[in-house]
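Structural description and commentary
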Amino acid sequence: MADLLSDEEIEEKLPKGWNREGTEIVRTYEFDSYLDGVGFAAGAGGVAEDAWHHPEITITYGSVEVRLTTHDAGGITENDMQLAERFNDIYE
Ligand SMILES: C[C@H](O)[C@H](O)[C@H]1CNC2=NC(N)=NC(=O)C2=N1
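Just so it is clear, the model here is predicted, and its values are computed rather than measured.

What counts, and at which threshold
- Residues numbered from 1 in each chain as written.
- Predicted model: local features only at pLDDT ≥ 70, side-chain atom pairs only at ≥ 80, totals over all residues.
- Heavy atoms only, no water.
- Helix = DSSP H or I, 4+ residues; strand = E, 2+ residues; numbered from the N terminus.
- Rg over C-alpha atoms; globule rule 2.2 N^0.38 Å.
- Buried < 20%, exposed > 50% of the residue type's maximum accessible area, 1.4 Å probe, protein only.
- Core = buried A, V, L, I, M, F, W, Y, C linked by side-chain atoms within 4.5 Å.
- Contact = heavy atoms within 4.5 Å.
- Pairing = 2+ DSSP bridges.
- Axes fitted to C-alpha atoms, helices over the stretch in contact; angles between N-to-C directions.
- Near = heavy atom within 4 Å.
- Polar contact = N/O pair within 3.5 Å; in protein donor to acceptor, adjacent residues only side chain to side chain.
- Areas by Shrake-Rupley, 256 points an atom, 1.4 Å probe, with all protein chains shown as cover.
- Nonpolar A, V, L, I, M, F, W, Y, C, P; charged D, E, K, R; others polar.
- Phe/Tyr/Trp six-rings, centres within 6.5 Å; stacked < 30°, edge-to-face > 60°.

1. Here we look at the overall build of the protein chain
In terms of helices and strands, the protein chain carries three helices and four strands. Mapped from its N terminus to its C terminus, the protein chain presents α and β elements in the order α-β-β-α-β-β-α. What you see for the protein chain is a C-alpha radius of gyration of 13 Å, in line with the 12 Å of a compact globule of 92 residues. Seen through its principal axes, the protein chain has C-alpha atoms that stretch 35 × 25 × 20 Å. Scored against the burial criterion, the 92 residues of the protein chain give a buried share of 40%.

See below:
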């Protein structure tokens, strides 16, 4: 199981556009259409399933909020950071 990251490590490792909120890291991705957001969420879901590490995804009109934490560890680990980077790769 991945180890919890320290406060300093979290700040240092946060991928572009992501912020820390307690025991989670969060990013809201903006889209021109609702269905673009749905498509992004579907892709993110596939990447998450491959990684066996699952985010909370909230789809609204024009944006998708993604929240990551490592439930097994009770906080933020390297697994969250790596998946956040992969979500950024899908988006960019
Ligand atoms: C039993 C199963 O391997 C675990 O529940 C996996 C599944 N997906 C997961 N997703 C997240 N975000 N954190 C976990 O600790 C986690 N653990």
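The rest of the description comes next.
2. Regarding the nonpolar core
One finds W18, I25, F40 and F87 to be the most contacted residues of the largest nonpolar core, which totals 19 residues. Mapped onto this core, the elements with two or more residues apiece are β2 (24-30), α2 (34-51), β4 (63-68) and α3 (78-91). Once residues lying within four places of it in the same chain are set aside, the contact partners of I25 are L14, W18, N19, R20, V66, R67, L68, I76, D80, M81 and A84.

3. Quick notes on the sheet that holds β4
With antiparallel pairing, four strands are arranged side by side in an open sheet as β1-β2-β4-β3. Every interior strand has two partners, whereas the edge strands, β1 (19-21) and β3 (56-60), have only one. Pairs of neighbouring strands in the sheet enclose a mean axial angle of 25°, with direction left out of account. As defined by bridge partners, β1 adjoins β2 across three bridges and the pair is classed as antiparallel. Counted as the bridge partner of N19 is V26 from β2.

4. Overview of the site of the ligand
As a matter of local geometry, the ligand sits amid W52, H53, H54, T69, T70, H71 and D72. Separating an oxygen atom of the ligand from a backbone N or O atom of H71 is a distance of 3.1 Å. Relative to its unbound accessible area of 390 Å², the ligand is 67% covered by the protein chains. Residue classes in the shell around the ligand are distributed as one nonpolar, five polar and one charged.

5. Comments concerning the packing of aromatic side chains
Pairs of aromatic rings are described using the distance from one ring centre to the other and the angle between the two planes. Taken as a whole and assessed by the stated rule, the structure comprises six aromatic pairs. Considering the side-chain rings of F31 and F40, the 5.3 Å spacing of their centres and the 40° angle between planes classify their relative orientation as tilted. Assigned by exposure class, F31 and F40 land together as buried. Through successive ring pairs, a cluster of aromatic residues spans W18, Y29, F31, F40 and Y91.

Coordinates in, geometry out; function isn't part of it.
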